[in-house]
Amino acid sequence: MKTLLTTNIFLLLTAFSFAGTTPNDNGTYDEVAAKMCDCVNQSSSLLSQRMINILVETDGDEAMMEAAFEKYVEEDLEAAMKDVEVLQGPMINDLTSCLDRVTDEFEDVYTGASEEEVEEGILEALENMEGCESTVVFLKIGSSESSEESSETTARPSAPPAPVSEEDIFVELSTEACGCISESTSLLSSRMIEIFLEADGDIVVLEELMAAYASEDQDAAMNDANLLQGDVANELDQCMERIESDYDEVYESKSEEEIEAMLIAVLESLDGCEVSAALLKLASATE
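## Details of the side chain of T185
With respect to the secondary-structure elements, T185 resides in the loop between α10 (166-184) and α11 (190-199). Polar contacts involving the side chain of T185 include one to the main-chain carbonyl oxygen of S182, which spans 3.4 Å. Residue contacts for T185: discarding those within four places in its chain leaves I193, V232, V275 and L279.

In structure tokens form, the structure reads like this:
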């Protein structure tokens, strides 16, 4: 879970704190720690309370965090995927901007020091501050991640990065697409979702079910139709455009038909992604 969701955040904080510079007294440690805490609290406010609790309660233990997140996915895939999107997008962007401002503010008061000294000073200051539990966790994991990478580099300085298989890439891409579609369609009624599932990509069946829906509850059917043509369509377009941009190498190397086919196959194998698979089937059938 850490690799997928939060490594960038942890390493961002680690790079800020442990870059071989340090405030020249304990008072400045407190100032920096307080501002870093404010940055994290501001950015993490975009997350659900459950995601924040997972981070804080596991206290930097990677295995516990992964187990807690897996349980979260099993119990509420839609909410978990929304937190994934926040961690990979708005939160990291907001946190980066905030930490950049803190870096600029304290740039002139830094003097040389070891990473261990910086780590000790920042963490000690944070642990004595109320409401900074999330920041402490981020820095603990960031420090651990940084140490692991440093050890691996020392042991295998010339080792190339492990190759990522095409299957892994499509699982990751499909998981993001599932979260994207789930969030966009959350505005729709449960009846509309059931129609998509029952039609399962068959346009004729979809039209028949929609006609029956309209005859039974015209107002509700019209509301869903307006959403599908407005807010849902806009959110879905924006989200999928972002995914296509993030995976531009995949989209440049394969045809749309190949990508759609592989996405549908993976989505059908993922729990909670049935609606996403059904909608992609419909999109493929209408092209």
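## Quick look at unusual backbone geometry
At D200, a position not held by glycine, the phi torsion is positive, near 50 degrees. On the secondary structure map, D200 appears in the loop between α11 and α12 (203-216).

## Points about the nonpolar core
Counting 69 residues, the largest nonpolar core has L47, M51, I122, L126, L188, F196 and I243 as the members making the most contacts within it. Top element by residues in this core is helix α3 (residues 26-44). It accounts for seven residues. Setting aside chain neighbours within four positions, we find L188 in contact with I193, F196, D224, L227, L228 and V232.

## Some remarks on the state of the cysteines
Enumeration according to the criterion identifies two disulfides in this entry. Each sulfur of the disulfide joining C37 and C132 lies 2.1 Å from the other. Judged by the sign of its S-S torsion, about -100 degrees, the bond between C37 and C132 is left-handed. In this pair, C37 sits in helix α3 while C132 sits in the loop between α8 (115-127) and α9 (133-155), placing the two residues 95 residues apart along the sequence. A single burial state applies to C37 and to C132, both of which are buried. Between the sulfur of C178 and that of C273 lies a disulfide, 2.2 Å long from S to S. On the sign convention where negative means left-handed, the S-S torsion of about -100 degrees between C178 and C273 marks this disulfide as left-handed. Taken as a pair, C178 in helix α10 and C273 in the loop between α16 (256-269) and α17 (274-286) lie far apart in primary sequence, 95 residues in all. Each member of the pair, C178 as well as C273, carries the same accessibility label: buried.

What counts and how
- Residues numbered from 1 in each chain as written.
- Predicted model: local features only at pLDDT ≥ 70, side-chain atom pairs only at ≥ 80, totals over all residues.
- Heavy atoms only, no water.
- Helix = DSSP H or I, 4+ residues; strand = E, 2+ residues; numbered from the N terminus.
- Polar contact = N/O pair within 3.5 Å; in protein donor to acceptor, adjacent residues only side chain to side chain.
- Contact = heavy atoms within 4.5 Å.
- Core = buried A, V, L, I, M, F, W, Y, C linked by side-chain atoms within 4.5 Å.
- Buried < 20%, exposed > 50% of the residue type's maximum accessible area, 1.4 Å probe, protein only.
- Disulfide = S-S within 2.5 Å.

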